[in-house]
Amino acid sequence: MPWWEPHVHADRTPLLRLRGRIKAGLRAFFEDQGFIEVECGALAASPGNEAHLHAFETWAIGSDGVQTPLYLHTSPEFAAKKLLAAGERRIFEFARVFRNRERTRLHAPEFTMLEWYRAGEEVGAVMDDTIALLRLAARIAGSDLLRHREKSCDPFAEPDRLPVTDAFRIHAGIEILDTLSADGPGDRDALATRARRGGLVVSEQDSWSDIFSKILTARVEPRLGLGRPTLLTDYPRCEAALARAKPGDPRLSERFELYACGVELANGFGELTDPKEQRARFVAEMDEKERIYGLRYPLDEDFLSALATMPPASGVALGFDRLVMLATGTPSIEQVIWTPLAF
């Protein structure tokens, strides 16, 4: 039934009202800590340069009829970091973002990303933020447990801080560090061998990153955030295009993800601010995108220029709709979106 049918909307109304209360509570959390709410434009010269993110493309038509390609952003990240370069210190946004090729119970083509940044603060500070927000959403919803289908998570329990290396060892029986070279790149054949031993199907076309994602999706993610939240930390550097390397181990990065009920809720970084390294990572990501999908997105040269001015910072992107979904125990993300796409 269409979402606009009165009886369908009536069933969803309590969830949508609760969504508003959670949003107000999270906004107050940031304002109490001196954050400024910003509004980043959705149109961008580049939608992001990660191999597996897909954008919606459009055209700007000038008064002279000249057409310029533009994209709906997949995240406000590039624009937000330009604001940090401009001098902002603590910022947040409930951003409307757009991702193509994504529509499942956990994915919507248009959704709300809560994104925030702390200039001059370490990644541990934004990790703490994610746990505080998880608990705040649960309190506002009156939920002792977060739920997704048959799984549950106590948001008030002490989170499990689990490095990726330990997660792969425990849940997949794979020593991921053994497949990484000293300066970060992965040994594709070494990881393929280990994945096949674990019963996963690996094709000859799969890269190290593809195999990593298969293992993560099939063996690791379903076991995260069960009973208590999981902060999955220290991602391989080659899986963190926008995060700086971890001090003392260039194979790893200052990237983490928050999981509850086997669902990824947030993705955070100690932000990379080296323009030269960032450019090289973007080019590598676009080379991979072209290999797999036959297309590539332009680089945002304005963003790369701003990185030279941007201060050290940490930031997080949190799927707000997913957070509401888990706080209300709703099985599908479209149940907590006001006007889900009708196609």
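Residues numbered from 1 in each chain as written. Predicted model: local features only at pLDDT ≥ 70, side-chain atom pairs only at ≥ 80, totals over all residues. Heavy atoms only, no water.

### Quick look at the pattern of salt bridges
- Within the structure shown, the criterion is met by 29 salt bridges.
- For D321, the salt bridge identified is with R19, shortest N-O distance 2.7 Å. Of this pair, D321 sits in helix α9 (residues 320-328) while R19 sits in helix α1 (residues 6-32), and the two are 302 residues apart along the sequence.
- On the basis of relative accessible area, R19 is assigned to the buried category, the value being 8%.
- Here R118 makes a salt bridge to E121, at a shortest N to O gap of 3.2 Å. There is no split in this pair, since R118 and E121 are both buried.
- Each of the salt bridges in this network shares a partner with another, and the network as a whole consists of R90, R118, E121 and D129. (Salt bridge = Lys/Arg side-chain N within 4 Å of Asp/Glu carboxyl O. Helix = DSSP H or I, 4+ residues; strand = E, 2+ residues; numbered from the N terminus. Buried < 20%, exposed > 50% of the residue type's maximum accessible area, 1.4 Å probe, protein only.)

### Structural notes on the packing of α1 against α9
- Close contact between α1 and α9 brings their axes to 10 Å; oriented N to C, the two are set at 115 degrees. In the crossing of α1 with α9, the sense of the turn from one axis to the other is right-handed. Counted together, L15, L18, R19, I22, K23 and L26 of α1 and F320, D321, L323, V324, A327 and T328 of α9 form the full contact between these two elements.
- Classifying every residue of the contact of α1 with α9 gives eight nonpolar, one polar and three charged. (Axes fitted to C-alpha atoms, helices over the stretch in contact; angles between N-to-C directions. Left-handed = near helix turned anticlockwise from the far one by under 90°. Contact = heavy atoms within 4.5 Å. Nonpolar A, V, L, I, M, F, W, Y, C, P; charged D, E, K, R; others polar.)

### Focus on unusual backbone geometry
- Look at R149: it is not a glycine, yet its phi comes out positive at around 55 degrees.
- One can find R149 in the loop between β7 (146-148) and β8 (151-153).
- One non-glycine residue, C261, lies in positive phi territory at about 60 degrees.
- The exposure class assigned to C261 is buried, which follows from its relative accessible area of 1%.

### Description of the sheet that holds strand β10 (residues 230-233)
- With mixed pairing, eight strands are arranged side by side in an open sheet as β1-β5-β6-β15-β14-β13-β10-β9. The sheet is open, and its two edges are formed by β1 (36-37) and β9 (160-163), each paired on a single side.
- As defined by bridge partners, strand β5 (residues 90-98) adjoins strand β6 (residues 110-119) across nine bridges and the pair is classed as antiparallel. Each residue of the ladder has a partner; that of F98, found in β6, is E110.
- Most of the contacts of helix α4 (residues 164-172) go to β9, to which it runs at about 90 degrees, and overall it touches β9 and β10. (Pairing = 2+ DSSP bridges.)

### Points about the pairing of strand β14 (residues 263-270)
- Across the eight residues that make up β14, a large majority, seven, are buried.
- Both strand β13 (residues 255-260) and β14 contribute to a ladder of six bridges, which runs antiparallel. Bridged to L258 within β14 is A266.
- For β14 and strand β15 (residues 313-319), the ladder comprises five bridges, and the chain directions are antiparallel. Residue pairing across strands places G268 opposite V316, the latter belonging to β15.

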